[in-house]
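Structure at a glance
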Amino acid sequence: ILNVEQSPQSLHVQEGDSTNFTCSFPSSNFYALHWYRWETAKSPEALFVMTLNGDEKKKGRISATLNTKEGYSYLYIKGSQPEDSATYLCAYTGITDKLIFGTGTRLQVFP
Amino acid sequence: DGGITQSPKYLFRKEGQNVTLSCEQNLNHDAMYWYRQDPGQGLRLIYYSQIVNDFQKGDIAEGYSVSREKKESFPLTVTSAQKNPTAFYLCASSIYAGQGFGNTIYFGEGSWLTVV
């Protein structure tokens, strides 16, 4: 069974704090790792798709790194704002050709 | 605006009845997907379609059926055979499925189905 684990399950931070969370996935037969942001009552929105070991991607204050050899990806948010409050999903795809999603990290940023 | 439209947003169904959830996209994407979310679980793939008139079972296809008669439409029928149909359903699309689902997936806003 292929598992994608995300930690922590939830996180509460103050506005201005920087934060990060982890996605762990099988390191064998890796093809791609996706990150999505899912705000309440909206559609999940793609942040990054990463395919190469050592990949680093950035979008505004959000960045992600990828280590395919050890099977983890970190998502960083610099200077969190209340509008960053959302659930952050990662999804892995490997030889099965299907996306396997983690359960998400729920982030709440307090003003 | 381009996007994915799911309807209805909320649906109540009596036990034993079939219900169809609509999904339409105007992104000109080849591939479309249906996912289900349950509390404490990641999104799970029900069915996907890479091209018109073709579709494949995902991980939890039992009790569901789909059709793909038009590129822009991928309706999901939840049949009475589905033992635990109460859930949140998300439709998605990508430009093409390709190898390993390395393409960005675009999602609708979801449909809540409650069986009463």
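Please refer to the structure higher up on the page.
These notes cover the structure that comes with them. (Residues numbered from 1 in each chain as written. Chains lettered and ligands numbered in written order. Predicted model: local features only at pLDDT ≥ 70, side-chain atom pairs only at ≥ 80, totals over all residues. Heavy atoms only, no water.)

**Some words on the sheet that holds strand β7 (residues 64-66) of chain B**
Residues and elements named next belong to chain B. One open sheet accounts for four strands, arranged β1-β3-β8-β7; its pairing is antiparallel. Each edge of the open sheet is held by one strand with a lone partner, namely β1 (4-7) and β7. Recorded for the sheet is a direction-independent mean angle of 20° between the axes of neighbouring strands. Two strands pair when backbone bridges link them, and strand β3 (residues 19-25) and strand β8 (residues 76-78) are joined in this way by three bridges, in the antiparallel orientation. From the neighbouring strand, Val 19 faces β8, where its bridge partner is Val 78. (Pairing = 2+ DSSP bridges. Helix = DSSP H or I, 4+ residues; strand = E, 2+ residues; numbered from the N terminus. Axes fitted to C-alpha atoms, helices over the stretch in contact; angles between N-to-C directions.)

**Some words on the interface of chain B and chain A**
On the side of chain A, 20 residues touch chain B, which itself brings 24 residues to the contact. Both sides of the chain B and chain A interface together cover about 1700 Å² of buried area, and 61% of this is carbon and sulfur. Seen at the junction of chain B and chain A, the total is zero salt bridges. Seen at the junction of chain B and chain A, the total is three residue pairs in polar contact (both at pLDDT 80 or more). Of all elements in the fold, only β4 (31-37), β5 (44-51) and β9 (87-94) of chain B reach the threshold of two or more residues within the side of chain B that touches chain A. Its residues placed into classes, the side of chain B that touches chain A shows nine nonpolar, 11 polar and four charged. (Contact = heavy atoms within 4.5 Å. Buried area = accessible area lost by both parts, 1.4 Å probe. Salt bridge = Lys/Arg side-chain N within 4 Å of Asp/Glu carboxyl O. Polar contact = N/O pair within 3.5 Å; in protein donor to acceptor, adjacent residues only side chain to side chain. Nonpolar A, V, L, I, M, F, W, Y, C, P; charged D, E, K, R; others polar.)

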